[in-house]
Each structure stands twice: as structure tokens, then as C-alpha cells.
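# Residue-level structure breakdown
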Amino acid sequence: MSETDPFSAPPPRPGGLAARAAAQPAAGYLAGLNPEQRQAVEATDGPVLVLAGAGTGKTRVLTTRIGHLISTSRAYPSQILAVTFTNKAAREMKERVAHLVGPVAEGMPWLGTFHSISAKLLRRHAELLDLRSDFTILDTDDQIRLMKQVIQAENIDEKRWPGRMLAGFIDSWKNRGLAPKDVPAGEAAVFAHGKGGKLYAAYQERLKALNAVDFGDLLLHCLTLFRDYPDVLQTYHDRFRYILVDEYQDTNTAQYLWLRLLAQGRRNICCVGDDDQSIYGWRGAEVDNILRFEHDFPGATVIRLERNYRSTGHILATASKLIARNEGRLGKTLRTEDALGEKVTITGAWDSQEEARLISDEIEAMQAKGQDLGQVAVLVRISAQMREIEERFVQAGVPYRVIGGPRFYERAEIRDALAYLRCVVSATDDLAFERIVNVPKRGLGDATVQLLHNHARATGFSLMQSARAAVESDELKPKARTALRELVDAFGRWSTRAEHMPQGELAELVLEESGYTEMWKKDRSADAAGRLENLKELVRSLDEFPDLPSFLEHVSLVMDVADGEAEARASIMTLHAAKGLEFDTVFLPGWEEGLFPNQRALDESGRAGLEEERRLAHVGLTRARKKLKLYFASNRRIHGLWQTSLPSRFIDELPEEHVEVEQAASSYSQGGYGASRFDRMESFGSSYNTPGWQRAQENRAKNSGGGSGFSESGRGFGQGGFGNSSRQRGPLMIEGELTAKSSGESAYGTGARVFHVKFGPGSVASVDGNKLTVDFDKAGRKMVLDSFVQKAG
DNA sequence: ATGCGGAGCTTTTTT
DNA sequence: AGCTCCGCAT
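About the thresholds
- Each chain has its residues counted from 1, following the order in which its sequence is written.
- Chains and ligands are labelled sequentially in the order written, the chains with letters from A and the ligands with numbers from 1.
- The predicted origin of the model limits local features to residues at a pLDDT of at least 70 and limits the giving and counting of side-chain atom pairs to 80 or more, whereas totals for whole chains, interfaces and linings rest on all residues.
- To get the side-chain values, take all heavy atoms of the structure and skip hydrogens and water.
- Numbering of helices and strands runs from the N terminus; a helix is a DSSP stretch of H or I covering at least four residues, while a strand is a stretch of E covering at least two.
- Working definition: with a 1.4 Å probe on protein chains only, accessible area under 20% of the residue-type maximum means buried, over 50% means exposed, and in between means partly exposed.
- Throughout, a residue-residue contact means that at least one pair of heavy atoms, one from each residue, lies within 4.5 Å.
- Each direction from the helix axis to a C-beta atom contributes to the arc, which is the arc of those directions.
- Residue-level confidence of the predictor, termed pLDDT, takes values from 0 up to 100.
- Residues are labelled near a given molecule or strand when at least one of their non-hydrogen atoms is within 4 Å of it.
- Think of a polar contact as two N or O atoms within 3.5 Å of one another; within protein, one of them needs to be a possible hydrogen donor and the other a possible acceptor, and neighboring residues in sequence only count if both atoms come from side chains.
- Charged residues are taken to be Asp, Glu, Lys and Arg, nonpolar residues to be Ala, Val, Leu, Ile, Met, Phe, Trp, Tyr, Cys and Pro, and polar residues to be all remaining types, Gly included.
- Axis lines are fitted to C-alpha atoms, over the contacting stretch for helices. Their N-to-C directions set the angle, which ranges from 0 to 180 degrees.
- In this scheme, roughly parallel covers angles under 35 degrees and roughly antiparallel covers those over 145, while 65 to 115 is roughly perpendicular and the rest are oblique.
- In this scheme the handedness of a crossing depends on how the near helix is turned from the far one: anticlockwise by less than a right angle means left-handed, clockwise means right-handed.
- Residues belong to one nonpolar core when they are buried, are Ala, Val, Leu, Ile, Met, Phe, Trp, Tyr or Cys, and are joined through side-chain atoms within 4.5 Å.
- Put simply, a salt bridge is a Lys or Arg side-chain nitrogen that is within 4 Å of an Asp or Glu carboxyl oxygen.
- Two strands pair under a simple rule: DSSP has to find at least two bridges between them.

### Considerations on the overall build of chain A
Helices and strands together make up the secondary structure of chain A, namely 32 helices and 21 strands. Taking all 793 residues of chain A together, the buried fraction comes to 52%. Counting only contacts in chain A whose residues sit at least 6 apart along the sequence, the fraction spanning at least 24 positions is 75%.

As C-alpha cells, this is what we get:
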């Protein structure tokens, strides 16, 4: 940045008159923009919709706009609300703004995802929503477990009405901004013979009792907050002078309402999006939000960014032609000043294995020419396509990486480890406690957990507190009692040490002493080593945070671990995961009817589904800068069965003058374009005696046996601090409040006759808080918890 | 309490 | 075909 850089000026004064003195003659940061981009940056006031086609410099506009607002003193960084969908997008935007305006950008506390900003708002105003500000944020797993409990409590057949199905319904209601009371009766009735609404309400009750929210709640509770407390909303109207929204086409109804409430104040809202890249309809995104923008914000300025800076001519023309088939769109015409470049190629393969081989051959050739494989991507419609491609890459020695896949923080071992840490931090985190109470196995099964639950319900204690109480009584069998006591004592110990110990070290201690790492070391399965490696990685990343609670907040929202080095490896990912990325060379396998467009999308959403699939195709095509290669296979194994397939209709929709049909090297079919260009494919279809089929069979036989060479061996786990065996068993000290005095004195006096489910009738010999010593008629003297006895009567 | 085997599913994915 | 979940048997 030069010394004339406007951003290096001292923090601007909002509303300063000088600032309003418009258009400093082309401030440096405006210079590189084309006229539309510049307009999008400078149209600061009032509602603005920027329709930014693929590769038209959307992010640049957004970041420059933020810079512009700051440098012209229209707003302090802290007065700008900038919302994205993913943490990655937020991170990138933060970096780019920082690059533009310098350290001032660190004061952009309101740049983040819908969810993280919502969480921040909720923590501030938790008490208004009947939450404590240290509420936990549940992930999908927790959610479903909770749903199951709710379903069980209602005595509904879990088989017919599974938890994940209810989770789906509730999620979609939340996506639409509907609280239990708002769900239309007809819709609430579709689940479990009319119980849907009731279950939703019950689930929300459970969440409240746990001081927890799920992802949908983050948004939903904000809506409640804004609507029920206008004064609170007003403070945010005052604060947020400007609102910016990225990927507006992906907003769902709840997010739309959230934005609308916040934008009501000053109406300075700028949404950037591309209706042609809306590919998340299936999870509640409403393309309508973008199509309706002008209606919702009368007088809105609409700016189209149509100059593409990414792809060469043939590629862009191909993508444009395809997307033009869609009816529900605002319409943009992308143009480029780039050369035509190479034509887009379409290659038919006999089967998916040949397809994979063609791709790997091509990449090997590129590798041989010294091209950067980091600039190569294979984009598939469904994850299941990845396997064959990976197998082939392994075989051919093509270095690759899979993007997406199971996320680090979603892996079982990581979630277990986190559950331990959550229990250390909070003795009231029941979900976490339940998750690890018997992991590793310590003989604390359903019976024990059930008992703790009963006690917890009766007393209002958490499970951990109940456990503390239970080990002081004779409720449990000696074995279970000892095991539980060890666990409870251990947590007491860890919580104490947590105060003085770096969290990484603490985590190691906890994982070691709990026997958790031991469990995986004993595990003989192939992925055990990887899991230990992951745990090690977790401990490492822990140290990057100031303390344990802030780490836990981070993981519940930012389920995302920075995707390290951009090595020279080809990327394999789904089309969805590819949105927002670009590569010099893009391979698009699997362009077949049924797979892409996906049959299920068609069945479920009809024409809208087809259009979304087409947008997905468009996203795929526009990821490529220079080289774009499409493939389809005539035979593909789906759910283990070989099925013949026809080329995708999308292939027929591509402009002939920009594409080129390649013959697979091994192809035995002749003939080029016919009336339908892929008539030639018929020569494959019917016969199972073709060489290709036989080859396919052979390959299949060959491949089915051998182990894949994936797992790199020698991932030792010994050297680290985790190592060795002997669990030190320090003095078992237990913190105070073992017997919670909060519950007051027991309702039973000495001499009272009581009945216990397990021990039968007896007389109370003495009372100590909520613990009773009872002389049972049959079982003799036992210490029991008062919540487990009834007045004998 | 645990471990095995059968049954049922299986697009896309963020937070 | 392959994975996960559930129920049953040990």
C-alpha cells in the first residue's frame, strides 16, 4: 500500500462532512474496478442488489465496498455488519479487508457467518430468551439423540418415525422461521399421526432445560429477540449503519427475516449473489429471496456484474448456453475479453472405471509436463463417485486430496474427546456426560444411566451431579458404583487442575487417565492409528486458543479446520463443495441421466429440481479457467449393481460450436454427431459380449480382492506425550458440594416409613441432606437417595 | 454388558 | 456393495 493510501488515515469519524464530499477522484482502491464493479462499491446508501455472475469479482466488490465505507468515514469497522454462510468465506473476507484497510479491520467484530453473529447476539441477550449466556450449541448428532429421547418419551414407534426424520422436519420449520406455535397444523400433523407439533415443542423444552440451542435456534431465537424486544433491535439499528450479505441466493427464510429486521432501520443493505448459483434449495435456501429483492426493498438499485475474469471464451459460452435454459432466473449474460481458448471436451467412456482411467491418464500427462496439480480438480455429483476415482489415482500414483468428506470435528474420536473436555468445563453438560460415561467401556450401561436420569429428573440435578450423589449411596451395584466413583473423582480432579494447566496438557492428561487413548491403542482396526493421530492433532490445535471455553465455542460453530498447504495435488470434491473455487483444469465425470441430473432431485422437486441441477452443472462448468473436460459412462455400478446409462440431457444442451467430442482411446465405436449426437452409444448398450464389458468384469474381479494402498503405515503414535501406559492414580480428592444442599432437607424424617423400588419397605434411620440411611425390612441398612424412595403408605 | 449378525438405507452440506 | 443401527443372544 502506498503512502497515499486512504486507509492508512486515522480512524475516520462517522458522519463527518468531509466524508460525504463524494467521490474523491478515483481513490486508489477504485482504480482497478470496471464500471459496474465501481458502481457496486460506490452505491453505498439504500438497498442494493449486486447480481454477480461466476468469476465476475464478487468478493473483490464486497471487500472493496467495506474498505470504501471505512475510508470515506461512512462507518467505523464496528458499525458494519457483514454476513457470510461459511467460516471459510468469513475468514477470507476478513483477510482481504485487512489487506485493504490494514489493522483497522481487526475492529470488524460483526463480520461472520449468520450463525456466529447470531450466537454472539444471543450470548449478550440470553436472559431475555430464557437461556444462560453460557448455553451450549448442539451439533447434528446431539440433536438427533435428543429427538430420539423426545420420541421415546411420547411412546412413539421409533422405527416408523426415526429421530433423524423428526430432525429434518424441525430443521425445515426452523429454516422457515417457524417456532412450534407457528407451524401450520396441517404440517405439524404429518409426523407421527399428528404428534409432530407436540414433539417440536417438547424438543424445544428439552433444549431449554439443557441450556442448549441447535443451529436453527441461533437464527430463530434472534428473530424472537428482535420481535419481542424492539428496544434491543433498535440498538442494532443504531449500530449497524451498513449491512452486507454474501451469497444472498443461499439465504433461507429465517435468514431473510433476520436480515429484513436488521435492515429495517437504515435500509443500507447490500446483497451480493447469483441466482444461477443457487444450489442449496434442498436445505431450505429460497432462490425467491433474490428474485424478490426489488419487491421487498422498493427503490433498490440492481447492479449486474457480467464481465467474467476467470474463464476462456469456449468455457464461458458453454456455461452461458446451458444456464440460459433455466426459466426462473433474473438473467445475466456473462462475457469475457479473454481468448476463446480450448474447446470444452466431452468424452464417452464404456464404464466408470474407464472414465476414471481417462481422467488419471490426462492428469498424469499434465504432471509429466510439469503442470501444477494444485490447479486441477475433479468435481463429482455425489460422493459415491469419488471412490473409483480415488482408487484409480492411487493405482496410477496421482497425488490427490479429497475435499469435504467427514469433517475433523465430526469424527467420533474428536467428539468423544470434546465431550470429556466439555464435562471438565461444565458439570451440567448432560449430553457430553452421556456420550462418554461408558466410553471407554467401564461397565456403566443403560441401567446406570437410566438411574442417573431418574435422579436427575427428580432433583433437577445434572447427570454429573446425580452421579456424585449416587456413588455416595447404595443405589448401584458395587461394580458400577466403583466405576462411577472413579469417573466422578477423575472429573473432580481434572476440573481442579484445569485452572492451572495449559489446556493442551490438560487434554492429554484427561485422555490418558480416562483410558480413552488406551482404548484406541488396543483397537486392532485399521483406522485406530489415524484416530490417535487425530487426537494428537486436536491437542495441538487446543493450544492455539487462550482457554478451554473459547476453544469449545470455536469448535461448536467453526466446525472447520484450516485446510493447510496448497500442495501440488489434484483435488476431488463434490460440485457443491466446489462453489466459490476455481481451477485451471476441471474434470466433470458422470454426466449421465439419473446421476446428473440426479434422478432423486427430479423425482422430489420436478422442474425446480431440474433447474437446480442445471445450476449445479453451471457451477461446475464455471469453475474452470482454461481447460474443461466432461465425461459420461455408459455403464456404472450403483449400489453394487451395474446399470446402463444415457448421456445427460445437459450434454445435449451445450453449444456444439464450443464443445468437442473426444473418443476414448480405447473406444471401438465410430461415428460422430448424429441427429442425437450420442446415437453411437447405442452400439454399446445392449450387448454384454463387447470387449469393454468383459474387461469391466475382469477389472472388477481383479479389484475386488486386494486391499487398497490407502493407509500409509508407520503413522506412529508413540513418541508424543501421550505415550505410556501406567495411569497414575493420584489421591482421589473430591470437591465440596458433594451433597447438593440446594435441594434442601429431605422430605423424610427419621423414623418415616418409606418404599424403595429395589430394596422394598424400610424405616429411615437418619437423614443427611438428600441422602437417607434406611433400615430396610429385607435388605438391611442401606444409604439411598431420597429421590428414589416414596412414602410408604 | 457386550458382541455379533441381520435389516434397511443410500444426493448434495453448513452451521 | 457397504455402512449404520438395532435386537438378540451370550
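Further notes follow.
### Remarks on helix α12 (residues 230-239)
Within the sequence span of α12, burial applies to Val 232, Leu 233, Tyr 236 and His 237. Buried residues of α12 fall within an arc of 145 degrees about the axis and therefore sit on the same side. On its buried side, α12 packs onto α6 (114-125), α11 (215-228) and α13 (253-263).

### Here's the deal with the confidence of the model for chain A
For chain A, per-residue confidence averages 82 on the pLDDT scale, and residues scoring 70 or more make up 84% of the total. When mean pLDDT is compared element by element in chain A, strand β6 (residues 242-245) scores highest at 97, while helix α31 (residues 682-685) scores lowest at 33. This stretch, residues 1-25, has a pLDDT under 50; its non-local contacts, to residues over four places away or in other chains, come to 39 contacts. Contacts for the low-pLDDT stretch residues 667-744, under 50 throughout, to residues beyond four places or in other chains number 110 contacts.

### Side note on the protein's contact with DNA strand B
Inspection of the region around DNA strand B gives 27 residues, with Arg 381, Ser 383, Arg 407, Thr 574 and Arg 600 positioned closest. The contact atoms of DNA strand B, taken as those within 4 Å of the protein, divide so that sugar and phosphate hold 61%. Taking Arg 283, its side chain carries an N or O atom lying 3.4 Å from a sugar or linking oxygen of DNA strand B. Note that a base oxygen of DNA strand B is positioned 2.4 Å from one of the side-chain N or O atoms of Arg 381. Taken together, the residues of the surface near DNA strand B break down into six nonpolar, 13 polar and eight charged.

### Thoughts on the protein's contact with DNA strand C
Neighbouring DNA strand C are the residues Lys 148, Lys 159, His 639 and Gly 640. Broken down by class, the residue content of the surface near DNA strand C amounts to no nonpolar, two polar and two charged.

### Things to note about the packing of helix α4 (residues 58-71) against helix α5 (residues 87-101)
Angle between the axes and distance between the axes are the two parameters that describe a pair of packed helices. In contact at an axis separation of 9 Å, α4 and α5 are set at 50 degrees when each is read in the N-to-C sense. Regarding the angle of α4 to α5, the classification is oblique. With respect to the hand of their crossing, α4 and α5 are arranged in right-handed fashion. Between α4, through Thr 59, Arg 60, Leu 62, Thr 63, Thr 64, Ile 66 and Gly 67, and α5, the contact on the second element is made entirely by Met 93, Arg 96, Val 97, Leu 100 and Val 101.

### A few points about the nonpolar core
Ranked by size, the top nonpolar core spans 71 residues in total, and within it Leu 81, Phe 226, Ile 243, Tyr 248, Trp 258, Leu 259 and Leu 262 carry the most contacts. The element contributing the most residues to this core is α13, with eight residues. Non-local contacts of Leu 81, meaning those with residues more than four positions away in its chain, are made with Trp 110, Ile 117, Phe 240, Tyr 242, Ile 243, Leu 244, Trp 258 and Leu 262. Phe 433, Ala 483, Leu 487 and Leu 548 belong to the second largest nonpolar core, which has 55 residues in total.

### Quick word on the pattern of salt bridges
When charged atoms on two side chains of opposite charge get close, those side chains can pair. Under the defined criterion, the tally for this structure stands at 49 salt bridges. Residues Arg 607 and Glu 327 are paired through a salt bridge, measuring 2.9 Å at the closest nitrogen-oxygen approach. Of this pair, Arg 607 sits in helix α29 (residues 599-621) while Glu 327 sits in the loop between α16 (313-323) and β9 (344-351); the two residues are 280 residues apart in sequence, bridging distant segments of the chain. Accessibility classification places Arg 607 together with Glu 327 in one group, the exposed group. We note a salt bridge from Glu 662 to Lys 629, for which the minimum N-O separation is 3.3 Å. Here Glu 662, found in strand β16 (residues 659-662), pairs with Lys 629, found in strand β14 (residues 624-638); they are 33 residues apart in sequence, far enough to count as distant.

### Describing the pairing of strand β20 (residues 780-785)
Of the strand pairs in this sheet, strand β19 (residues 771-776) and β20 are connected by six bridges, and their pairing is antiparallel. The residue of β20 that forms the bridge with Lys 771 is Leu 785. Between β19 and β20, which pair antiparallel and follow one another directly, the connecting turn spans three residues.

### Considerations on the environment of Ser 514
Mapping Ser 514 onto the fold places it in the loop between α24 (503-513) and α25 (516-522). C-alpha separation for the pair Ser 514 and Val 659, spaced 145 residues apart in sequence, amounts to 61 Å. A polar contact of 3.2 Å, which involves the side chain of Ser 514, links it to the backbone oxygen of Leu 511.

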